[in-house]
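Listed below, chain by chain, are the residues.
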Amino acid sequence: MNAPVSEALRQREFTPWPEELAARYRAEGVWSGLTLGRVLRDSAARHGDRTALIDGARTWTYAELDGEADRLAAGLHKEGVAAAGDRVLVQMPNTAAFVLVCFALFRIGAVPVLAQPAHRDHEITQLSRQSSAVAMIIPGRRSGFDYREMAERVQGRCPSLRRIVVDGDPRRHSALSALFADPVPLPEPDPGSIAVLQLSGGTTAVPKLIPRTHDDYLYNARASVRACPLGTDDVYLCVLPAAHNFPLCAPGLLGALDSGATVVLAQGPSDGEVFPLIERHRVTVTAVVPPIALLWLEAAKDTRHDLRSLRVLQVGGARLGPAAAARVGPVLGCRLQQVFGMAEGLICYTRLDDPDELVRTTQGVPMSSADEVAVVDDEDRAVPDGEPGHLLTRGPYTIRGYFRADEHNQRAFTAEGFYRTGDIVRRLPSGHLVVVDRAKDLVNRGGDKVAADEIEDMLGTHPGVHDVAVVAEPDDALGERICAFVITHEDGLKSRVLKKHLREHGLAAYKTPDRFVFVDAMPLTSVGKIDKKVLRARAARLAAEEGRTS
Ligand code: OOB
């Protein structure tokens, strides 16, 4: 084992797979021993003149993308922005610069911490602290928000952050465009070392970082390509924020670039943005969350755009109802693939040749024969097929521990190394899983995961709030919305005031509760804990009264 890996172990940054198992994955070629930076180089060697990437009016061939990634790696390294083993917070929209930054960092052996563009001071400060990031790479101003000013505030709180690099007007910081330099040879990182830090969907007030190695992440992409085949004739449209595991690696843009396909970047998910791109670039595959699929199903009815090139629509991140699932084929003229995945690892896909009934009603089968899944009761005893139970999993691309989170890892993993997903599923005899519920305390707002704890803690800091409980309420459009029950001693405390409080504390806007309900008391369980089941039922009634659920 070379230095970066053993150093990471020493700092308890990630929990390795048992050595014997790791040796087997390597011997069997499950782990290919390649780095993600190498993948692009190999693709450039095979498909140099083919189009790799399209961002607006600009196009990159594989050779150009590979060359630019080398030049950016050289510049970032030479200018001291990032060295091997450093963490770099990357918060970028779907632009070619995001792709180049990721590959440049992979080649240096530096680790992108993949933040979302919607994150604000609160999240970015936590992510920088937890990862001891040395630099941030951000856009300048976008959608009326100045990322430079936020980066400066975060820098004031995080001493590790030395540099701010801006894709746009840098003001007093470094311009990304000025960091391209003549390529220099850089030592190849260890394929067993951390390639990226993904963000957990989050059940804890402070989100956990997910260390994915080059070996395991590449396997994730390649096994995904077997389930959702991509080849040189395919055009993958990246609609969701590219930093998310789904559009990045399931098979996403990494799978596409490994396959010699073309990646098209969309700035947003609206049909007005996406349908013209599908038509213009003859897009064959794309991935969305259920609310976007619902939007497209409506819009496709009277679109003047030609969507016939679309072969596969992947839908995942949250539950897609069977009725909507049934409409995808007839309305959009493509095959639906349900995707049930998690940034921690395990990804399940319905297969393109599965019977329609399974595609409509299940969330697929684990993508790899090396995935182990167990469906268990509260005491970790296996339940029979067909019965709901907690989903546990381990395998060659599912992490064995979060980054620097010893204590949390004790709860989140079994002694045998299974990850406790927090999802309640039923397993059919065919192996297909149906997601029926969730044991973890979060709201899945249209695919965006919001930890109840995080919102409760922040609302609890308002002087007028005596107690607070956050639950999911059902919603036809988003799947779930965020509902906060609040006990207050301050007469006339308004939801407007609490929303402002959250905004001023730098919370990302998508985490703001959609509904506040002011109550005199909380329902309690027999042991005296807040009974969220009762609150969920109450929120569901309110949603139904407003016609938000059918
Ligand atoms: C994906 O990843 P995360 O990390 O944002 O969220 C994972 C959680 C799962 O544990 C589950 O609770 C929920 O999101 N989920 C689904 C689902 N797909 C994810 N719940 C019901 N039905 C589905 N199809 O969301 C993600 C990562 C890779 C590929 C696809 C999604």
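None of the values given here were measured: they were computed from a predicted structure.

Counting its secondary structure elements, the chain contains 18 helices and 27 strands. For the chain, the C-alpha radius of gyration of 23 Å lies close to 24 Å, the compact-globule estimate for 550 residues. Along the first, second and third principal axes, the C-alpha atoms of the chain reach 65 × 55 × 55 Å. When each of the 550 residues of the chain is scored for burial, the buried share is 60%. In the chain, 68% of the contacts between residues at least 6 apart in sequence involve partners at least 24 apart. Looking at the chain as shown, the accessible area adds up to about 22100 Å², and 50% of this sits on carbon and sulfur atoms. For the chain, the distance from the average site of its 66 positive side-chain charges to the average site of its 72 negative ones is 2 Å.

Bringing the environment of arginine 226 into the picture now. Mapped onto the elements of the fold, arginine 226 is located in helix 8 (residues 214–227). Take arginine 226: its relative accessible area is 59%, and that puts it in the exposed class. For the pair arginine 226 and methionine 367, spaced 141 residues apart in sequence, the C-alpha to C-alpha distance is 8.3 Å.

This part takes up the site of the ligand. Inspection of the region around the ligand gives 18 residues, with His244, Val339, Asp423, Lys440 and Lys449 positioned closest. At 3.4 Å, a backbone N or O of alanine 318 approaches a nitrogen atom of the ligand. Considered on its own, the ligand offers 590 Å² of accessible surface; in the complex 96% of this is hidden by protein. Contributing elements (two or more residues each) for the shell around the ligand: helix 9 (245–249) and strand 16 (335–342). Here the shell around the ligand is built from residues that sort into 7 nonpolar, 7 polar and 4 charged.

In terms of domain boundaries, the chain breaks down into domain 1 (25–227), domain 2 (374–440) and domain 3 (442–545). Using only C-alpha atoms to locate each centre, domain 1 and domain 2 end up separated by 30 Å. Listed per partner, the contact involves 20 residues of domain 1 and 11 residues of domain 2. Both sides together, the interface formed by domain 1 and domain 2 hides about 1200 Å², and carbon and sulfur atoms give 69% of it. Applying the counting rule to domain 1 against domain 2 returns 0 salt bridges. When contributions to the side of domain 1 that touches domain 2 are tallied by element, the ones reaching two or more residues are helix 6 (121–131), strand 10 (194–199), strand 11 (209–213) and helix 8. Sorting elements by how many residues they give to the side of domain 1 that touches domain 2 places strand 11 first, with 4 residues. In the side of domain 1 that touches domain 2, the residues fall into 9 nonpolar, 7 polar and 4 charged.

Turning our eyes to something else, we now look at helix 7 (residues 147–157). Those residues of helix 7 lying buried are Tyr147, Arg148, Met150, Ala151 and Val154. Taken around the axis of helix 7, the buried residues stretch over an arc of 160°, which confines them to a single face. Contacts from the buried residues of helix 7 go to helix 6, strand 5 (135–139), strand 6 (141–142), strand 7 (145–146) and strand 8 (163–167).

On to the sheet that holds strand 20 (residues 389–394). If you walk across this open sheet you meet the 4 strands as 19-20-21-22, and the pairing is antiparallel. Each having just a single partner strand, strand 19 (372–376) and strand 22 (433–438) make up the two edges of the open sheet. Taking each pair of neighbouring strands and ignoring which way they run, the sheet shows an average axis angle of 45°. Pairing of strand 21 (residues 419–427) with strand 22 involves 5 bridges; the strand directions are antiparallel. Paired with aspartate 423 across the strands is arginine 438, a residue of strand 22.

Turning to the pattern of salt bridges, a few remarks are in order. Note that side chains of opposite charge can pair when their charged atoms are close. Summed over all chains, the structure comprises 46 salt bridges. For aspartate 66, the salt bridge identified is with arginine 107, shortest N-O distance 2.6 Å. Of this pair, aspartate 66 sits in helix 4 (residues 62–78) while arginine 107 sits in helix 5 (residues 96–108), and the two are 41 residues apart along the sequence. Look at aspartate 66 and you get buried, because its relative accessible area is 11%. Residue classification places arginine 107 among the buried residues on the basis of a relative accessible area of 7%. Ionic pairing is found between aspartate 475 and arginine 548, a salt bridge with its closest N-O pair at 3.3 Å. One end of the pair, aspartate 475, is in strand 25 (residues 465–475); the other, arginine 548, is in the segment after helix 18 (532–545), with 73 residues separating them in the sequence. Beyond isolated ion pairs, a larger network of salt bridges with shared partners links Glu473, Asp475, Arg481, Arg515, Glu546 and Arg548.

This next bit is on the packing of helix 4 against helix 5. For the pair helix 4 and helix 5, interaxial distance at closest approach is 8 Å and the crossing angle is 60°. Crossing angle aside, the handedness with which helix 4 passes helix 5 is right-handed. Note on element contacts: helix 5 touches helix 4 through Val99, Leu100, Val101, Phe103, Ala104, Leu105, Arg107 and Ile108, opposite Leu65, Asp66, Glu68, Ala69, Asp70, Leu72, Ala73, Leu76 and His77. Of the residues contributing to the contact of helix 4 with helix 5, the split by class is 12 nonpolar, 1 polar and 4 charged.

Attention shifts here to the sheet that holds strand 14 (residues 285–288). Within the open sheet, the 9 strands sit side by side as 2-1-13-12-14-15-16-17-18. Their pairing is mixed. Lying at the two open borders of the sheet, with one neighbouring strand each, are strand 2 (58–61) and strand 18 (365–366). Relative to strand 17 (residues 345–349), strand 16 is paired through 4 bridges, and the arrangement is antiparallel. What sits directly across from methionine 342, in strand 17, is glycine 345. Sheet contacts for helix 10 (residues 252–259): strand 1 (51–55), strand 12 (235–238) and strand 13 (262–265); angle to strand 12, the most-contacted strand, approximately 160°.

Criteria and cut-off values
- Residues numbered from 1 in each chain as written.
- Predicted model: local features only at pLDDT ≥ 70, side-chain atom pairs only at ≥ 80, totals over all residues.
- Heavy atoms only, no water.
- Helix = DSSP H or I, 4+ residues; strand = E, 2+ residues; numbered from the N terminus.
- Rg over C-alpha atoms; globule rule 2.2 N^0.38 Å.
- Buried < 20%, exposed > 50% of the residue type's maximum accessible area, 1.4 Å probe, protein only.
- Contact = heavy atoms within 4.5 Å.
- Areas by Shrake-Rupley, 256 points an atom, 1.4 Å probe, with all protein chains shown as cover.
- Lys, Arg positive; Asp, Glu negative; His and termini not counted.
- Charge placed at Lys NZ, Arg CZ, Asp CG, Glu CD.
- Near = heavy atom within 4 Å.
- Polar contact = N/O pair within 3.5 Å; in protein donor to acceptor, adjacent residues only side chain to side chain.
- Nonpolar A, V, L, I, M, F, W, Y, C, P; charged D, E, K, R; others polar.
- Domains from an automatic or database assignment.
- Buried area = accessible area lost by both parts, 1.4 Å probe.
- Salt bridge = Lys/Arg side-chain N within 4 Å of Asp/Glu carboxyl O.
- Arc of directions from axis to C-beta.
- Pairing = 2+ DSSP bridges.
- Axes fitted to C-alpha atoms, helices over the stretch in contact; angles between N-to-C directions.
- Left-handed = near helix turned anticlockwise from the far one by under 90°.

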